[in-house]
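Reading the structure
Given next are the chains, with one letter for each unit.
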Amino acid sequence: METGKIISWLEVKAENLGRPGCRGAKARSLVSEGDGAKNFIARMIEILPSGVIPPHEHEHEHCAFVLEGKCIVVSGGKEKTAGEGSAVFIPANVMHSWHNRTNTVTTLLLVDVG
């Protein structure tokens, strides 16, 4: 295990998000258990124009920071727009989805806690 890690997200291969029904979304794993992280993981998520991460829920909470673009977040049945510079908190066990209805890529830094 390393004592720390510094990496450019651009050096990490973007892989299709494997969630069923997911369209036009890729993830880059930045920090994970393999790096020694015991309480969180961090990923860069890119949602392409017209892309969607379909409704899902999980036992951990997470926070996303919108670095570029904007997207629609549906959480707990409520639809909200998250634009560049926004922080989005999703509580544990809450159904949520992400939609990019724009013509540009939306880039999120996603931190899953738990």
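Residues numbered from 1 in each chain as written. Predicted model: local features only at pLDDT ≥ 70, side-chain atom pairs only at ≥ 80, totals over all residues. Heavy atoms only, no water.

Turning next to the overall build of the protein. Looking only at helices and strands, one finds zero helices and nine strands in the protein. For the protein, the succession of helices and strands along the chain, N to C, is β-β-β-β-β-β-β-β-β. Oriented by its inertia axes, the alpha-carbon framework of the protein measures out at about 40 × 30 × 30 Å. The proportion of buried residues among the 114 residues of the protein is 36%. (Helix = DSSP H or I, 4+ residues; strand = E, 2+ residues; numbered from the N terminus. Buried < 20%, exposed > 50% of the residue type's maximum accessible area, 1.4 Å probe, protein only.)

This part takes up unusual backbone geometry. Phi at S50 takes a positive value of approximately 65 degrees, unusual for a residue other than glycine. Turning to its location among the elements, S50 is positioned in strand β3 (residues 40-56). Within the chain, N93 stands out as a residue other than glycine whose phi angle is a positive 60 degrees. Tracing the sequence through the fold places N93 in the loop between β7 (87-90) and β8 (96-99).

A word on the pattern of salt bridges. Within this structure, the stated rule accounts for four salt bridges. Across the pair E46 and R28 runs a salt bridge whose closest N-O atoms are separated by 2.9 Å. A residue pair is termed long-range when its members are at least 10 positions apart, and E46 in strand β3 and R28 in strand β2 (residues 23-31) qualify at 18 residues. Exposure remark for R28: the relative accessible area of 12% places this residue in the buried category. Linking D112 and R43 is a salt bridge whose minimum nitrogen-to-oxygen distance equals 3.0 Å. One end of the pair, D112, is in strand β9 (residues 106-113); the other, R43, is in strand β3, and 69 residues separate them in sequence. (Salt bridge = Lys/Arg side-chain N within 4 Å of Asp/Glu carboxyl O.)

Topologically, H96 is positioned in strand β8. Here V94 takes part through its backbone oxygen, which lies 2.7 Å from a polar atom of the side chain of H96. In this structure H96 touches P54, P55, H56, E57, H58, H62, V74, S75 and I90, once residues within four positions along its chain are discounted. (Polar contact = N/O pair within 3.5 Å; in protein donor to acceptor, adjacent residues only side chain to side chain. Contact = heavy atoms within 4.5 Å.)

Glancing now at the nonpolar core. The nonpolar side chains of a soluble globular protein tend to be buried with one another. Within the largest apolar cluster, 17 residues are counted, with the highest numbers of intra-cluster contacts made by L17, I45, I53, V73, V88, W98 and L108. Going through the elements one at a time, β2, β3, β4 (61-68), β5 (70-75), β7 and β9 are the ones with two or more residues in this core. Of the residues forming this core, the biggest block, three residues, is contributed by β3. Apart from the residues lying within four places of it in its own chain, the contact partners of V88 are H62, C63, A64, V73, A82 and W98. (Core = buried A, V, L, I, M, F, W, Y, C linked by side-chain atoms within 4.5 Å.)

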